[in-house]
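# Secondary and tertiary structure notes
What follows is each chain in one-letter form.
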Amino acid sequence: GQQPQTPSSGSPLAGAQSAAERPSVSESETGAEATATAVDRSEGDAEAGNAGAVISMMIVEREQAAMPPERVRRAIEESGFEFGEFAIYHFQDLDGADWFSLMNAVSPGQFDPDDLSSFETPALALFMQLPVRGGADPSLVFERMHQVATSLAESLDAMLIDDRREPLDSESIDRYRELIYSHG
């Protein structure tokens, strides 16, 4: 599969935000690419030749400060994620297949459930891979990921941004749906 696309760090946010208000999680800080590569490698040869894609979105603290770690951990756990492979969280179907994952958006991207400081971060990254493991309908998995991400952003009083680091809006969602359709 492909790694998440990394837009230029100078990509403007939509709306009337000043440079000071923009999320500034730079490419050098994000661990999403490394984890997506590791996830790709873990699938082995069964997926070889089947070009996939990664759909990602981020939850970013509005003032670019670290979110309170106890709130972050509680919000993740209350959203139905399970800690697992690659030291990140996974949202699974009833059979235990990973639908989408959540990681710390700051390198190395991992969490340690026994170390509260690993949850101190200005941003979280959610991502799903196409095709979805377990054969689930990718459109339904995306809708669920979007619902969970929206709920998490609200509970953390944070912004939800797309893979271009712009506020997630109907245009972003349409673009993601097109990507899902093209890989269907």
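Throughout what follows, the structure given in this document is the object of discussion. (Residues numbered from 1 in each chain as written. Predicted model: local features only at pLDDT ≥ 70, side-chain atom pairs only at ≥ 80, totals over all residues. Heavy atoms only, no water.)

A few words on the overall build of the protein chain. Scanning the protein chain from terminus to terminus reveals 4 helices and 6 strands. Overall, the protein chain shows an N-to-C arrangement of helices and strands of α-β-α-β-β-β-β-α-β-α. A total of 184 residues make up the protein chain; the buried ones form 44% of that total. Entry remark: accessible area of the protein chain is about 9200 Å², with carbon and sulfur atoms responsible for 46%. (Helix = DSSP H or I, 4+ residues; strand = E, 2+ residues; numbered from the N terminus. Buried < 20%, exposed > 50% of the residue type's maximum accessible area, 1.4 Å probe, protein only. Areas by Shrake-Rupley, 256 points an atom, 1.4 Å probe, with all protein chains shown as cover.)

Taking burial as the measure, the 5 residues of strand E3 (residues 88-92) include 4 buried ones, the bulk of the element. Where strand E2 (residues 82-84) meets E3, 3 bridges bridge the pair, whose relative direction is antiparallel. Bridge pairing in E3 links Phe83 to Tyr89. Where E2 folds back on E3, the antiparallel hairpin that results is connected by 3 residues, among which Phe86 adopts a positive phi of roughly 70°. Alignment of E3 against strand E4 (residues 98-104), held across 4 bridges, turns out to be antiparallel. Of the residues in E4, the one forming a bridge with Tyr89 is Leu102. (Pairing = 2+ DSSP bridges.)

What follows concerns the sheet that holds strand E5 (residues 123-130). Taken together, 6 strands build an open sheet; the order of strands is E2-E3-E4-E5-E1-E6 and the sheet is antiparallel. Across the chains shown, the open sheet's two edge strands, defined by having one partner strand only, are E2 and strand E6 (158-161). Adjacent strand axes in the sheet meet at a mean angle of 30° when their direction is disregarded. Of the pairings in the sheet, the one linking strand E1 (residues 53-61) to E6 comprises 4 bridges and is antiparallel in character. By the bridge assignment, Glu61 is partnered in E6 with Ala158. On the sheet, helix H4 (residues 170-182) packs against E1 and E5 and is oriented at approximately 155° with respect to E1. (Axes fitted to C-alpha atoms, helices over the stretch in contact; angles between N-to-C directions. Contact = heavy atoms within 4.5 Å.)

This paragraph deals with the side chain of Ser79. Summarising the element assignment, Ser79 is placed in the loop between helix H2 (69-78) and E2. On the basis of relative accessibility, which here comes to 16%, the residue Ser79 falls in the buried class. There is a polar contact of 2.7 Å between the side chain of Ser79 and the backbone oxygen of Ala75. Ser79 has contacts with Phe91, Val148 and Leu152, leaving out every residue within four places of it along the chain. (Polar contact = N/O pair within 3.5 Å; in protein donor to acceptor, adjacent residues only side chain to side chain.)

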